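Fold and geometry: a report
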Amino acid sequence: MAGEPVGQDRKMSWGAQAAFASLPASPNQFLGKSAAFQLFTGRYILAGISFSETAGTAGVLTVHDGQDATGEILGVFPYAANGGVNQLFGVVGAMSEIGAYMSISAGTITGTLLAVPTWTYDITAPGQ
Amino acid sequence: MGLAIDTVLVDVHNATTNAVTLTNATVTNSGDSLSIRSFDTGAWAKLESIFLQGSSTEQARILSPRLHDNVTGLTFETPETPSEFLFPQEVGEPMYSSDTLTVQLSAAASSDSVAALLMYYSNIDGVSANLATWAQVKAAMIHLKTVEVAVTSSPTIGTWTDTVITTTENQLKADYTYALLGFETTAPLCAMGIKGPATGNLRICAPGATSTLDITRYFVELGNHQNTPHIPVFKANDRGATNISVAANTASVSAHVYAYLAQLSS
């Protein structure tokens, strides 16, 4: 990307965001996580989540819209020991304004959070 | 609001007697941030380079969901230390406002690996760095002037050391402006750069390699290849607040850094 690329579009209209919500989501994987972590920051439309527990310990994954566990809760996902969760967030998804902060109560989880970023360059591929 | 270039320093401290593979690097010592600065709609940012310094052949990896992928992302491995051109100079990787990067480095036994990321912003709040193109500098250049600055990197690895540009000599002429074309150094550093009022007090750095080829004209070449202004221009009268910043992967590295300056007629 040499030179001066066309600037980034961040504050797209609600109509445009609705159109974005219909785009294929991108995976945002997390591997072997047993403690809270920041998966990404920025405004995204969350489309779904899929993960499994691998340490044989049941627990709860809480996804916050924020950069720590004080962020507004976007979703709470209990899981069984060696169990899994596969959840889609409806047709229009769920808006994350600040980012996705993942709090893990126990166990070890591996999976992905499916999301569509809403700020793009003209060169950004749809849904990327 | 305006242009800005910032350099983000990260390090991995390996206190063990075994080498470590890619490990999340921290900005704890540098005070920098791996979060991309926020910018408004219409602006853009790009990652233009990474300078890597380790004790042997080390790996560096940059990850974000907004990069090509979040698995191997941008991964580099080179015996060249410090590395100079892991990014081709024509290339910049688009960065996204408020995104947060993960940088991972490998490290040899009982050693540190450090890396510096060069970020270019087209327009951010609160900063308006005075940057020029080579065409602008060439048209106004009176003299080439090399300025020696004796520096010693921090005893705390991963920390920047800022040394005022007049530390070793003070020959810059009052009321003139000077453009920084590049550097040379007598000892390897991870990065060497300038920080002062003209840069919005952000660090604009070049690789800390001892080779002169392309380092003495680093900002000229980078600007030419990227087709955007990259040459820092500062007023001689600001010399007391203009610093040469360095960082290294070992403690207290002493070096003579020479700033290659163009004295400008206006």
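Right, let's walk through the structure included here. (Residues numbered from 1 in each chain as written. Chains lettered and ligands numbered in written order. Predicted model: local features only at pLDDT ≥ 70, side-chain atom pairs only at ≥ 80, totals over all residues. Heavy atoms only, no water.)

Focus on the overall build of chain A
We apply this condition: In this description a helix means any DSSP run of H or I spanning at least four residues, a strand means any run of E spanning at least two, and both kinds are numbered starting from the N terminus. A simple rule labels every residue: compare its accessible area, found with a 1.4 Å probe on the protein chains alone, to the largest value its type can have, and call it buried under 20%, exposed over 50%, or partly exposed in between.
What chain A contains, in helices and strands, is one helix and nine strands. For chain A, the succession of helices and strands along the chain, N to C, is α-β-β-β-β-β-β-β-β-β. Structurally, chain A occupies a C-alpha span of about 50 × 30 × 25 Å along its principal axes. Relative to its 128 residues, chain A shows a buried fraction of 46%.

Here's the deal with helix 1 (residues 14-21) of chain A
For an α-helix, 3.6 residues make a turn, and residues three or four places apart therefore share a direction. All names here are of chain A. What counts is decided by this rule: Note that the arc is defined by the directions from the helix axis to the C-beta atoms. Only heavy atoms matter for contacts: two residues are in contact if any of them lie within 4.5 Å across the pair.
By the burial criterion, the buried members of helix 1 are Gln 17, Phe 20 and Ala 21. Down the axis of helix 1, the sector holding all buried residues measures 100°, keeping them to one side. Of the surrounding secondary structure, the elements contacted by the buried residues of helix 1 are strand 3 (44-53), strand 7 (94-96) and strand 9 (109-117).

Things to note about the pattern of salt bridges
Residues and elements named next belong to chain B. To be explicit about the condition: For salt bridges, the criterion is a side-chain nitrogen of Lys or Arg within 4 Å of an Asp or Glu carboxyl oxygen.
Counted by the stated rule, this structure contains eight salt bridges over all chains. Where Asp 162 meets Arg 203, a salt bridge forms, and the shortest distance between an N and an O atom there is 2.9 Å. Taken together, the residues Asp 162 in strand 11 (residues 161-164) and Arg 203 in the loop between strand 13 (191-195) and strand 14 (204-207) connect sequence positions 41 residues apart. For Asp 162, a relative accessible area of 30% puts it in the partly exposed group. Between Glu 221 and Arg 217 there is a salt bridge, and its shortest N-O distance comes to 3.8 Å. It is possible to trace a salt-bridge network through shared partners that takes in Asp 162, Lys 195 and Arg 203.

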